[in-house]
Amino acid sequence: QVQLVESGGGLVQAGGSLGLSCAASANTFRINALGWYRQVPGKQRELVATINSDGDTNYADSVNGRFTISRDNAKNTVYLQMNDLKPEDTAVYYCYCRARARITTPFRDYWGQGTQVTVSS
């Protein structure tokens, strides 16, 4: 199994910055993608940003240019630097990991427990 431990988040004023980090305890699992999703009450969880093992990144249009995702493969850790935050960025942010136990087994998705980010206007 893969366990994801998130840190960061909190309350910030609009225009401010916050950083999130997520460490994956993967043992011998092979991690492919890492990333972040977010969810507000009553809405579906949505993509924020992902990064694969080659360092290729993918961002939601709403955060592109303001958020930066990065990863440390040696530490199995993914980071999200959030700048110029807006009230609409308020959500619970979930760490995401796509991994498989062996090269012959299918990839599975794993989720962290979520961390609250609140941006006040």
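### So, the state of the cysteines
- Within this structure, the stated rule accounts for 1 disulfide.
- C97 takes part in no disulfide bond, and the closest cysteine sulfur to it belongs to C95, at a distance of 7.2 Å.

### Side note on the packing of aromatic side chains
- If you walk through the whole model with that rule in mind, you get 4 aromatic pairs.
- Considering the side-chain rings of Y96 and W111, the 5.2 Å spacing of their centres and the 50 degrees angle between planes classify their relative orientation as tilted. One end of the pair, Y96, is in strand β9 (residues 91–100); the other, W111, is in strand β10 (residues 108–111), with 15 residues separating them in the sequence.
- Residue class for Y96 comes out buried when judged on its relative accessible area of 9%.

What counts as what
By convention here, each chain's residues receive numbers from 1 onward along its written sequence. This being a predicted model, a pLDDT of at least 70 is required before a residue's local features are given, and a value of 80 or more before pairs of side-chain atoms are given or counted; all residues contribute to the totals for chains, interfaces and linings. Calculation of side-chain values draws on the structure's entire complement of heavy atoms; hydrogens and water are dropped beforehand. We call a pair of cysteine sulfur atoms a disulfide whenever their separation is within 2.5 Å. Between rings of Phe, Tyr and Trp, where Trp is taken as its six-membered ring, a pair exists when centres lie within 6.5 Å; planes separated by under 30 degrees are stacked, by over 60 edge-to-face, and by other angles tilted. Each helix is a run of DSSP H or I of at least 4 residues and each strand a run of E of at least 2, with the numbering of both proceeding from the N terminus. Only protein chains enter the calculation, and the probe is 1.4 Å; a residue is then buried if its accessible area is under 20% of its type maximum, exposed if over 50%, and partly exposed in between.

All quantities given are derived from atomic positions and should not be read as evidence of function.
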